[in-house]
Amino acid sequence: MSPPVAPPGWSRWLVPPAALSVHLSIGQAYAWSVFKPPLESALGLSGTQSALPFQLGIVMLGLSAAFGGTLVERNGPRWAMTVALVCFSSGFLLSALGAASEQYWLIVLGYGFVGGIGLGIGYISPVSTLIKWFPDRPGMATGIAIMGFGGGALIASPWSARMLESFGADNTGIALAFLVHGLSYAVFMLLGVLLVRVPRTPGAADGSPAPLEGVQVSARSAVRTPQFWLLWIVLCMNVTAGIGILEKAAPMITDFFADTSTPVSATAAAGFVALLSAANMAGRIGWSSASDLIGRKNIYRVYLGAGALMYALIALFGDSSKPLFVLCALVILSFYGGGFATVPAYLKDLFGTYQVGAIHGRLLTAWSTAGVLGPLIVNWIADRQEEAGRHGSSLYGMSLVIMIGLLVVGFVANELVRPVHARHHVSAPAPKEAADVPRQQPESA
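Calculation notes
Residues numbered from 1 in each chain as written. Predicted model: local features only at pLDDT ≥ 70, side-chain atom pairs only at ≥ 80, totals over all residues. Heavy atoms only, no water. UniProt positions renumbered as here; feature names shortened; annotations may be inferred. Helix = DSSP H or I, 4+ residues; strand = E, 2+ residues; numbered from the N terminus. Contact = heavy atoms within 4.5 Å. Areas by Shrake-Rupley, 256 points an atom, 1.4 Å probe, with all protein chains shown as cover. Salt bridge = Lys/Arg side-chain N within 4 Å of Asp/Glu carboxyl O. Buried < 20%, exposed > 50% of the residue type's maximum accessible area, 1.4 Å probe, protein only. Core = buried A, V, L, I, M, F, W, Y, C linked by side-chain atoms within 4.5 Å. Domains from an automatic or database assignment. 1 Å grid on protein atoms, 1.4 Å probe; cavity = no way out; pocket = protein on both sides within 12 Å on 5 of 7 lines; lining within 4 Å. Points joined across faces, edges and corners; volume = space filled by probe spheres on them. Nonpolar A, V, L, I, M, F, W, Y, C, P; charged D, E, K, R; others polar. Phe/Tyr/Trp six-rings, centres within 6.5 Å; stacked < 30°, edge-to-face > 60°. Axes fitted to C-alpha atoms, helices over the stretch in contact; angles between N-to-C directions. Parallel < 35°, antiparallel > 145°, perpendicular 65-115°, else oblique. Expected span 1.5 Å × (residues − 1). Polar contact = N/O pair within 3.5 Å; in protein donor to acceptor, adjacent residues only side chain to side chain. pLDDT = per-residue confidence, 0-100. Bend = angle between axes of the 7 residues up to and from the residue. Patch = residues over 30% accessible without salt bridge, like charges linked within 9 Å, V, L, I, M, F, W, Y side chains within 5 Å.

- The protein has the name OFA family MFS transporter in an unreviewed UniProt entry, where Streptomyces griseicoloratus is given as its organism.
- In the Subcellular location (unreviewed entry) part of its UniProt record, the protein is described as follows: "Cell membrane".

## Notes on the overall build of the protein
- Looking only at helices and strands, one finds 19 helices and zero strands in the protein.
- Partitioning the intrachain contacts of the protein with sequence separation of at least 6 by distance along the chain shows that 85% fall at a separation of at least 24.
- Approximately 16,700 Å² of the protein is accessible, and the part contributed by carbon and sulfur atoms is 67%.

## Concerning the pattern of salt bridges
- Following the criterion strictly, the structure yields six salt bridges and no others.
- A salt bridge links Asp349 to Arg296, with the nearest nitrogen and oxygen atoms 2.8 Å apart. Residue Asp349 is located in helix 15 (residues 322-351), and its partner Arg296 is located in helix 14 (residues 296-317); the two are separated by 53 residues in the primary sequence.
- Linking Arg384 and Glu387 is a salt bridge whose minimum nitrogen-to-oxygen distance equals 2.8 Å. Taken as a pair, Arg384 and Glu387 lie in helix 17 (residues 365-387) at a separation of three residues, close to a single helical turn.
- The exposure class of Arg384 is partly exposed, given its relative accessible area of 29%.
- Residue class for Glu387 comes out exposed when judged on its relative accessible area of 59%.
- Among the charged side chains, a salt-bridge network with shared partners connects Asp292, Arg296 and Asp349.

## Concerning the nonpolar core
- Counting residues in each nonpolar core, the largest one holds 120 residues, and the members touching the most others are Phe178, Tyr336, Phe351 and Trp367.
- Tallying contributions element by element places helix 15 first for this core, with 14 residues.
- Three or more residues apiece are contributed to this core by two domains, here domain 1 (12-195) and domain 2 (219-424).
- Beyond its immediate chain neighbours, meaning those up to four positions away, Phe178 contacts Trp32, Phe35, Phe92, Ser95, Ala96, Ala99 and Ile107.

## Considering empty space enclosed by the protein
- If you walk through the whole model with that rule in mind, you get three cavities of 30 Å³ or more.
- For the largest cavity, the full set of lining residues is Asn238, Ala241, Gly242, Tyr303, Gly307, Ile332, Phe335, Tyr336 and Leu407.
- Elements supplying a minimum of two residues to the lining of the largest cavity: helix 11 (226-247), helix 14 and helix 15.
- Considered class by class, the residues forming the lining of the largest cavity number six nonpolar, three polar and no charged.

## A look at the side chain of His181
- Position of His181 relative to the elements: it lies in helix 9 (residues 171-195).
- In this view, His181 contacts Phe35, Phe92, Trp159, Ser160 and Met163; residues no more than four positions away in its chain are not counted.

## Points about the environment of Val114
- Considering the arrangement of structural elements, one finds Val114 in helix 6 (residues 104-133).
- With 26 residues separating them in the primary sequence, Val114 and Phe88 have C-alpha atoms 6.8 Å apart.
- Discounting residues that sit within four places of it in the chain, Val114 has contacts with Cys87, Ser90, Gly91, Leu94 and Leu109.

## As for the packing of aromatic side chains
- The final tally for this structure, using the stated rule, is 29 aromatic pairs.
- Where Phe88 meets Phe92, the ring centres are 5.3 Å apart and the plane angle is 85°; that geometry is what we call edge-to-face. Remark: Phe92 and Phe88 occur in helix 5 (residues 77-101); sequence separation between them is four residues, near one turn of the helix.
- Phe88 sits in the buried class, given a relative accessible area of 2%.
- The rings of Trp32, Phe35, Phe88, Phe92, Tyr111, Trp159, Phe178 and Tyr185 are connected pair by pair, giving a single aromatic cluster.

## With respect to the packing of helix 5 against helix 9
- Relative to each other, helix 5 and helix 9 sit at 170°, their axes nearing to 7 Å. When the axes of helix 5 and helix 9 are compared, the pair comes out roughly antiparallel.

## As for helix 11
- Relative to the 32 Å expected for 22 residues at 1.5 Å per residue, helix 11 spans 31 Å between its end C-alpha atoms, a close match to the ideal helical length.
- In terms of burial, helix 11 is a largely internal element, 19 of the 22 residues being buried.

## Re unusual backbone geometry
- Despite not being glycine, Glu102 shows a phi value in the positive range, around 60°.
- Tracing the chain through its elements places Glu102 in the loop between helix 5 and helix 6.

## Looking at the environment of Tyr346
- Positionally, Tyr346 belongs in helix 15.
- Owing to a relative accessible area of 5%, Tyr346 belongs among the buried residues under this scheme.
- Between the C-alpha atom of Tyr346 and that of Gly295, which follows or precedes it by 51 residues, the distance is 8.8 Å.
- Within the local environment of Tyr346, its side chain forms a polar contact with the side chain of Asn414, the two groups lying 2.9 Å apart.

## Details of the confidence of the model for the protein
- For the protein, per-residue confidence averages 83 on the pLDDT scale, and 88% of positions sit at 70 or higher.
- A low-confidence stretch, residues 202-211 stays under pLDDT 50, and its non-local contacts, those more than four residues away or across chains, total 12 contacts.
- A low-confidence stretch, residues 429-445 (pLDDT under 50), is modelled with 44 contacts involving residues beyond four sequence positions or located in other chains.

## Some remarks on helix 13 (residues 266-294)
- For helix 13, built from 29 residues, the straight-helix expectation of 42 Å at 1.5 Å per residue is met to within 8% by its first-to-last C-alpha distance of 40 Å.
- When the local axis directions of helix 13 are compared, the greatest deviation, roughly 35°, occurs at Gly283.
- Residue Gly295 follows helix 13 closely and has a positive phi angle near 100°.

## Side note on a nonpolar patch on the surface
- A contiguous nonpolar patch, built from Leu93, Phe167, Leu176, Leu179 and Leu183 and spanning about 400 Å² of accessible area, is present on the exposed surface.
- Counting residues per element, the nonpolar patch draws most heavily on helix 9, which supplies three residues.
- Residue classification places Phe167 among the partly exposed residues on the basis of a relative accessible area of 35%.

Below is the structure:
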């Protein structure tokens, strides 16, 4: 499939809707926690087991984004969006079969492995195209797409909860909900496949400056620098803290207030997940824009330092005040989203635009690691606490303390980041390498 080239006079403002149709769809992954309690009840799973599809999906997202970037650039956004559509929708259909037959391994395979590939390829395809269309506003372009991914659960969470209410929360109802998701997202993502175009001439446009200016570092050299690994730790710690609470959001708020006079209903818990998605989405635009004003290191000081404070407030006072619990969780998730949207600019500050896409793809392995660590920490500890006879907010006390410690580690790593030493700089790329830069740069999504 050859990349669809835009005809003369085609408006670049038609590309953001194409990107959003894909990212709002695959952003459903952030609403997985709505399915956790029904799956645990219908299939007799533990919290750790019910998190496996989500964890594997995030692992596959990071791996497919890191290793699939070259294929995406070679074959174009329409090919990438088609692959994402097929994988993501097929993952839901396999999961529907697994739920109907009570074969949980099919849900893990479908949603986690197959659907996870769709997540990764879909994640990088529209962002890459948007940066090509908006070289004069790369931050805005990246923010649009990444905001859409963060906001997917804002739609999926209440929609999933309503379907489970209508179809039932048994294995048959879950299967029907998965089936409807798979078919609906296929249609919605198809809009992006049909609408997307690449610009006729790659490179700078609208009078924007040439992409190769200032410090430039190749991907091979970047991974040998301490700056890369410090940022890897920063991203991993920030994502672990956010994804741990996001993946278990619905049961977590229910458990926190189960022993109070005002317990949280399943519908209210789904609404809480939707609120977290809104905060995640808003943080991707708001905090990344703020980083242009106060600097990348300073904004990560806010993410990591204030994030640790929010977790401390939840640990100390969260079960005594719903507004405080909700407010702190919303702030944490806004930092989580902001961290994703800001890291490409942080990489650009340190390594330049030369091969920044390839560098960012490698950095996304931190996301894969965090996708396992965050849910594993929260679910495994909650399961052990429940076996010990504890209940309510006490299921999460140790997890919250661990999250605080991880954020402190990330804060220290951010403080250690310094400019890259001149020995790693690229003085003058070879002609062929220079020609490849516009193809590699858009992968920074």
